[in-house]
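# Tertiary structure, described
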Amino acid sequence: MCYATPGEFSKLPTEYRVGLTMYEASDPREKYPHWTWQINEVDLLLTPSEWCKQMWERASVYTPIKVIELSASHHFLEADLWKRHDREEFVVVSWATMTPRKSPAEMIDVFKKAFPRRKYPHCRFKIKTRANLCGSIEHDFPKLDDDRVEIINEDWTAEQMVEFARSADVAMFLSKGEGSGRPGREAMALGLPCMIADNTGYHSICKPRYVTPIRTHHAEPSPLGGEWYVPDWDQAIEMLRWHHDSRVEAADMARAGAEWYRREHSLERICTGLLEAMRDVTDKPSKQSERQKQTWGGFYPVTSAKDIRHIQEHHARFFEYVGKTFPKGAGLLEIGIGTGAFYEA
């Protein structure tokens, strides 16, 4: 099994290939059109969310896809549960790369609007990041004009991250798109009260009795291709203030969430699910076998008129390109797409 971007799948030195991958925007084909055929060369694709599964299906992936939700680091799963702080100071935290997808500037704005300095001088917002993780540099970070807000750009151990989360009162994870949504899952496993954007890879854990889901307000074009799903910032402001004013209720909700998460998303259950998902992979010829390679069915498993649609979708961008490059006055006679198959209309 290969956990990577699709370009690594073809490098696996095995006959049977299982890929585990994800994406944070609605259509990766705009930036990585080759990923579709690279995924279609594996025998099984695993994704960490139902949203990711549907995204790859829209991208003309016909390889069987199964959803296996990922867990959190064992450091968060095995640590003692977070305990509420009996103090005036109120600390909001988040941990993420400082990219627009993670909404650092918007979360800072949410914090400042929820807690104006004059009325809430005791409130703090700390964001933990590692610039070298994604190649960004510090001058790309949001500009800070409030000394209550701090961006910590350091390499930490997992134990330090657990203690950082433990020192807070609430965590915000308001990204516009997630693959597996690991940061929110870590905080939830620890029992820290959470505000989490109810979109993409986070959707399945955004249960109102355990966390505070922030609904998607609208979609916007993503530089990754397709769209991102933008949290409702006004709701986020309102709910962040609720966490400040309702700390006991928030703590009780988070503890129940941690107990649910540790039970339903334990490492043992996730690993068992992975093995179950791959159980039948070797019961049929692999896509690498010579017998499969020598048939059109190895690439176009068309058996009915209904199944022809994925072929049209697969070549749609090529059709668009050809159409846009016509000389003035020229006409298109035919584009052969080589299905190599017969079907009944």
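Quantities reported herein were computed from a predicted structural model and do not represent experimental measurements. (Residues numbered from 1 in each chain as written. Predicted model: local features only at pLDDT ≥ 70, side-chain atom pairs only at ≥ 80, totals over all residues. Heavy atoms only, no water.)

## Focus: the overall build of the protein chain
The condition is simple: To qualify as a helix, a DSSP run of H or I must reach at least 4 residues; to qualify as a strand, a run of E must reach at least 2; elements of each kind are numbered from the N terminus. Burial classes follow relative accessibility: with a 1.4 Å probe on protein chains only, a residue under 20% of its type's maximum area counts as buried, one over 50% as exposed, and anything between as partly exposed. Where accessible areas are quoted, they stem from the Shrake-Rupley method and a 1.4 Å probe; at the residue level, only the protein chains shown are allowed to cover.
A count of helical and extended segments in the protein chain gives 13 helices and twelve strands. In the protein chain, which comprises 345 residues, the proportion classed as buried is 50%. As displayed, the protein chain offers around 17,700 Å² of accessible surface, 52% of which is attributable to carbon and sulfur atoms.

## Considering the sheet that holds strand S2 (residues 18-20)
Remark on secondary structure: sheet strands pair via backbone hydrogen bonds, oriented parallel or antiparallel. The following threshold applies: In this description, strands pair whenever DSSP reports at least two bridges between them.
With respect to topology, four strands assemble into an open sheet ordered S1-S2-S3-S4, the strand pairing being parallel. Looking along the sheet, the strands with just one partner apiece sit at the ends: strand S1 (2-3) and strand S4 (65-67).

## Structural notes on the nonpolar core
Rules: The nonpolar core is taken to be a set of buried Ala, Val, Leu, Ile, Met, Phe, Trp, Tyr and Cys residues, with the residues joined through side-chain atoms within 4.5 Å. Only heavy atoms matter for contacts: two residues are in contact if any of them lie within 4.5 Å across the pair.
Of all hydrophobic cores here, the largest spans 31 residues; its most connected members are Phe76, Val93, Trp95, Phe173, Leu192, Ile196 and Tyr261. Every element with two or more residues in this core is listed here: helix H3 (74-78), strand S5 (90-95), helix H6 (158-166), strand S8 (170-173), helix H7 (182-190), strand S9 (194-197) and helix H9 (247-264). Apart from the residues within four sequence positions on either side, tyrosine 261 is in contact with Leu70, Ser71, Ala72, Leu77, Arg185, Met188, Ala189, Ile205 and Ser266. Counting 30 residues, the second largest nonpolar core, distinct from the first, contains Val42, Leu45, Met55 and Ala59.

## Some words on the sheet that holds strand S6 (residues 123-129)
Note the cut-off: A fitted line through C-alpha atoms serves as each axis, taken over the contacting stretch for helices, and the angle formed by two N-to-C directions is quoted from 0 to 180°.
Read across the sheet, six strands follow the order S7-S6-S5-S8-S9-S10 without closing on themselves; strand pairing throughout is parallel. The two strands at the open ends of the sheet, each matched to only one other strand, are strand S7 (149-153) and strand S10 (212-214). Strand-to-strand, the axes of this sheet are offset by a mean angle of 20°, without reference to chain direction. Sheet topology note: the S6/S7 ladder contains five bridges and is parallel. Directly across from lysine 126, in S7, lies its bridge partner glutamate 150.

## Describing helix H8 (residues 233-245)
Counted only if it meets this: In this analysis, the expected span of each helix is defined as 1.5 Å times one less than the number of residues it contains.
Over its 13 residues, H8 extends 19 Å from the first C-alpha to the last, a length consistent with the 18 Å expected when each residue adds 1.5 Å. All of the buried residues in H8 are Gln235, Ala236, Ile237, Met239, Leu240, His243 and His244.

## So, the packing of helix H4 (residues 104-114) against H8
Applied cut-off: In this scheme, roughly parallel covers angles under 35 degrees and roughly antiparallel covers those over 145, while 65 to 115 is roughly perpendicular and the rest are oblique. We call a crossing left-handed when the near helix sits turned anticlockwise from the far one by less than a right angle, and right-handed when that turn is clockwise.
Orientation of H4 relative to H8, taken along the N-to-C sense of each, is 50°, at an axis distance of 9 Å. By the angle between their axes, H4 is oblique relative to H8. Where H4 crosses over H8, the two elements pack in a sense that is right-handed. Across the interface between the two elements, Glu106, Val110, Phe111, Lys113 and Ala114 from H4 touch Trp233, Ala236, Ile237, Leu240 and Arg241 from H8.

## Description of H6
Formally: Comment: arc refers to directions from the helix axis out to C-beta atoms.
Within the span of H6, buried status applies to Met161, Val162, Phe164 and Ala165. Each buried residue of H6 lies within a common arc of 160° when the element is viewed along its axis, so the set occupies one face.

## Details of the packing of aromatic side chains
For clarity, the cut-off: Only rings of Phe, Tyr and Trp enter the pairing, Trp through its six-membered ring, and a pair is recorded when the two centres are within 6.5 Å. The plane angle decides the type: under 30 degrees is stacked, over 60 is edge-to-face, the rest tilted.
Under the counting rule described, the total for this entry stands at 15 aromatic pairs. Considering the side-chain rings of tryptophan 95 and phenylalanine 173, the 5.0 Å spacing of their centres and the 80° angle between planes classify their relative orientation as edge-to-face. Of the two residues, tryptophan 95 is situated in strand S5 and phenylalanine 173 in strand S8; the sequence distance between them amounts to 78 residues. An identical accessibility class is assigned to tryptophan 95 and phenylalanine 173; each is buried. Look at tryptophan 260 and tyrosine 261: their rings are 6.3 Å apart centre to centre, the planes differ by 65°, and that puts the pair in the edge-to-face class. One aromatic cluster is present, built from ring pairs that chain together Phe76, Trp95, Trp156, Phe164 and Phe173.

## Focus: the confidence of the model for the protein chain
Atomic detail in the predicted coordinates should be set aside for any region of low pLDDT. Our working rule: Every residue carries a pLDDT, the predictor's confidence in it, which falls somewhere between 0 and 100.
In the predicted model, the protein chain carries a mean pLDDT of 88, and 84% of its residues have values of at least 70. Note that residues 340-345 has pLDDT below 50 and, in this model, seven contacts with residues that lie over four places away or in other chains.

## Points about unusual backbone geometry
One non-glycine residue, serine 60, lies in positive phi territory at about 65°. Locating serine 60 in the fold gives a position in the loop between helix H2 (50-58) and S4.

## Section: the pairing of S6
Going by this rule: For crossovers, right-handed means that the path from the first strand over the helix to the second runs clockwise, given strands pointing away from the viewer.
Here S6 lies mainly inside the structure; five of its seven residues are buried. Pairing between S5 and S6: six bridges, direction parallel. Bridging across to S6, phenylalanine 90 finds its partner in cysteine 123. Remark: the S5/H4/S6 crossover connection has right-handed handedness.

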